[in-house]
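These are the residues of each chain, in order.
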Amino acid sequence: FINKNSKTNAGGVGLYIKDTLNFIRRTELDLITDGLETYFIELPRRKQKNIIVGCGYRHQHNDRENVNEILRNKLEYISCHGFETYILGDINIDFFEYNNDKATSEYLDMLFDHGFTPSITKPTRHHSATLIGHIYSNSIQKVIKSGICLADISDHLPCFCTIATKLYYPT
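Position numbers for residues start from 1 in each chain and track the written sequence from start to end. With the structure being a predicted model, the display of local features is reserved for residues of pLDDT at least 70 and the display and counting of side-chain atom pairs for 80 or more, all residues being used for whole-chain, interface and lining totals. Side-chain measures were taken over the full set of non-hydrogen atoms in the model, leaving aside hydrogen atoms and water.

Visitor: How should the overall build of the protein be read in this particular structure?
Guide: Across its full length, the protein carries two helices and ten strands. Helix numbering and strand numbering both begin at the N terminus, where a helix is a DSSP run of H or I of at least 4 residues and a strand a DSSP run of E of at least 2. Put simply, the protein runs from its N terminus to its C terminus through helices and strands in the order β-β-β-β-β-α-β-α-β-β-β-β. When each of the 171 residues of the protein is scored for burial, the buried share is 45%. In this analysis, two residues are considered to be in contact whenever any of their non-hydrogen atoms come within 4.5 Å of each other. Sequence separation of at least 24 residues holds for 59% of the intrachain contacts in the protein that already meet a minimum separation of 6. What sets the accessible areas is the Shrake-Rupley method with a 1.4 Å probe; for residues, cover comes only from the shown protein chains. With an accessible surface of roughly 9500 Å², the protein has 51% of that area assigned to carbon and sulfur atoms. Charge assignment in this entry is limited to Lys and Arg as positive and Asp and Glu as negative, and neither His nor the chain termini are counted. Throughout, a charge is located at the NZ atom of Lys, the CZ atom of Arg, the CG atom of Asp or the CD atom of Glu. Within the protein, one finds 19 positive and 20 negative side-chain charges whose respective centroids are separated by 10 Å. Only protein chains enter the accessibility calculation, which uses a 1.4 Å probe; a residue whose area is less than 20% of its type maximum is buried, one above 50% is exposed, and one in between is partly exposed.

Right, dumping it as C-alpha cells:
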C-alpha cells in the first residue's frame, strides 16, 4: 500500500500494488495545489509503452480552474511521451453536469482533447445521482470491464477497471 495523506482531516489517496510488481514513483506528475492529493506511478514494460497510473482526490471546494490548468499540463506531458495512462479517483466534478456547468464541461472537454475517455458512466454516490468517482484512460480499448461495486463502505461506491495488458515482473 502506498499513499499520500491529506493536510486536512478529509481526503488522501492510496494505491494497492502487488508486492512483486516493479514500479517507479512519479512525483513530477503530481498535481501541486491546496485541496488536492495525487499519487502517480509508472509501470515499466518490455516492448510496449510503459503505463502511468494516477489517483487523486480533489476536495469539494477546491478551485477547479486551477486544477484544470495544472492537469492540462500533466496530460500534455503524458501524451507527448506516449504513455498508456489510467487516472482514477474522487475528483468531485459531476460528469452528469456536463451540459449545465461550464467548469465541468471544460474539464471533460480537456480530457477528450488529450485522448482520455471515462470508463465509469453511472452514478458513484449512494444518496445522489452524481458521477464524481472517475476512471479515465487514453487506452480505453484495453479496458475489459469497468463498473461500480454496490458496497456500503462509504457514501461513495467503489469503482473498478480491469485492463488487458502484460506487466514486467523482475526475476
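Visitor: Explain the side chain of R64 here, please?
Guide: Residue placement: R64 occurs in helix α1 (residues 64–81). Looking at R64, its side chain comes within polar contact range of the side chain of T104, at 3.5 Å. Once you skip the residues sitting within four places of it in the chain, R64 turns out to touch R58, N92, I93, D101, A103 and T104. Side-chain atoms alone can form a polar contact between residues adjacent in sequence; in general such a contact is a pair of N or O atoms within 3.5 Å, and within protein one must be able to donate a hydrogen while the other accepts it.

Visitor: Quick question: what am I supposed to make of the pattern of salt bridges here?
Guide: Opposite charge on two side chains allows them to pair when their charged atoms are near. Here, a salt bridge means any side-chain nitrogen of Lys or Arg that lies within 4 Å of a carboxyl oxygen of Asp or Glu. One pass over the structure, following the stated rule, counts nine salt bridges. Through salt bridges with shared partners, a single ionic network connects K4, R25 and D30.

Visitor: Just checking my understanding: could you explain α1 for this structure?
Guide: Each α-helix turn comprises 3.6 residues. Residues three or four places apart therefore point the same way. Expected helix span is computed as 1.5 Å times (number of residues minus one). In this model α1 runs 26 Å from its N-terminal to its C-terminal C-alpha over 18 residues, within 8% of the 26 Å that 1.5 Å per residue would give. All of the buried residues along α1 are R64, V67, N68, I70, L71, K74, L75 and I78. Looking at the packing, one finds that the buried side of α1 touches β4 (36–43), β5 (51–58), β6 (84–90), α2 (102–113) and β8 (133–137). Positive phi appears at G82, one or two residues downstream of α1, with a value of about 70°.

Visitor: How do you make sense of the packing of aromatic side chains when you look at a structure like this?
Guide: The description of an aromatic ring pair uses the distance of the two centres, along with the angle that the planes make with each other. What counts as a ring pair is set by centres within 6.5 Å for rings of Phe, Tyr and Trp (its six-membered ring), and what kind of pair is set by the plane angle: stacked under 30 degrees, edge-to-face over 60, tilted for all other angles. Counting across every chain of the model gives four aromatic pairs. Note on F95 and Y107: the rings are 6.1 Å apart at their centroids and 40° apart in plane angle, and the pair reads as tilted. With F95 in the loop between β6 and α2 and Y107 in helix α2, this residue pair connects regions lying twelve residues apart in the sequence. When the centroid spacing of 6.3 Å and the interplanar angle of 90° are considered together, the rings of F116 and Y136 count as edge-to-face. Of this pair, F116 sits in the loop between α2 and β7 (117–118) while Y136 is found in strand β8, placing the two residues 20 residues apart along the sequence. Classification of F116 as buried rests on a relative accessible area of 1%. Three or more aromatic residues joined by ring pairs make a cluster, and in this case those are F95, Y107, F116 and Y136. Distance and angle both matter: a charge sits over a ring if NZ of Lys or CZ of Arg is within 6 Å of the ring centre and within 35 degrees of the ring normal. The side chain of R25 reaches across the aromatic face of Y39, ending 3.5 Å from its centre.

Visitor: Explanation requested: the packing of α1 against α2 in the structure shown.
Guide: For any two helices packed against each other, the geometry is given by the interaxial angle and the distance between the axes. Only the stretch in contact is used when fitting a helix axis, every axis being a line fitted to C-alpha atoms; angles between N-to-C directions are given from 0 to 180 degrees. The geometry of α1 relative to α2 is characterised by a closest axis approach of 10 Å and an angle of 5° between their N-to-C directions. With respect to α2, the axis of α1 lies roughly parallel. Of the residues in α2, those in contact with R64, N68, L71, R72 and L75 of α1 are A103, T104, E106, Y107, M110 and L111. Residues that form the contact of α1 with α2 fall into these classes: six nonpolar, two polar and three charged. Our angle categories are set so that under 35 degrees counts as roughly parallel, over 145 as roughly antiparallel, 65 to 115 as roughly perpendicular, and the remainder as oblique. Nonpolar residues are Ala, Val, Leu, Ile, Met, Phe, Trp, Tyr, Cys and Pro. Charged residues are Asp, Glu, Lys and Arg, and all others, Gly as well, are polar.

Visitor: Help me understand the sheet that holds β6 in this model?
Guide: Whether parallel or antiparallel, the strands of a sheet pair through hydrogen bonds between backbone atoms. If DSSP finds at least two bridges between two strands, the strands pair. Strand order in the open sheet made by the six strands is β3-β4-β5-β6-β8-β7, with mixed pairing throughout. In this open sheet, the two strands that pair with only one neighbour each are β3 (24–25) and β7. As defined by bridge partners, β3 adjoins β4 across two bridges and the pair is classed as antiparallel. When the sheet's bridge partners are listed, R25 is paired in β4 with I41. Across the sheet, α1 lies against β4, β5, β6 and β8, angled at about 175° from β5, the strand it touches most.

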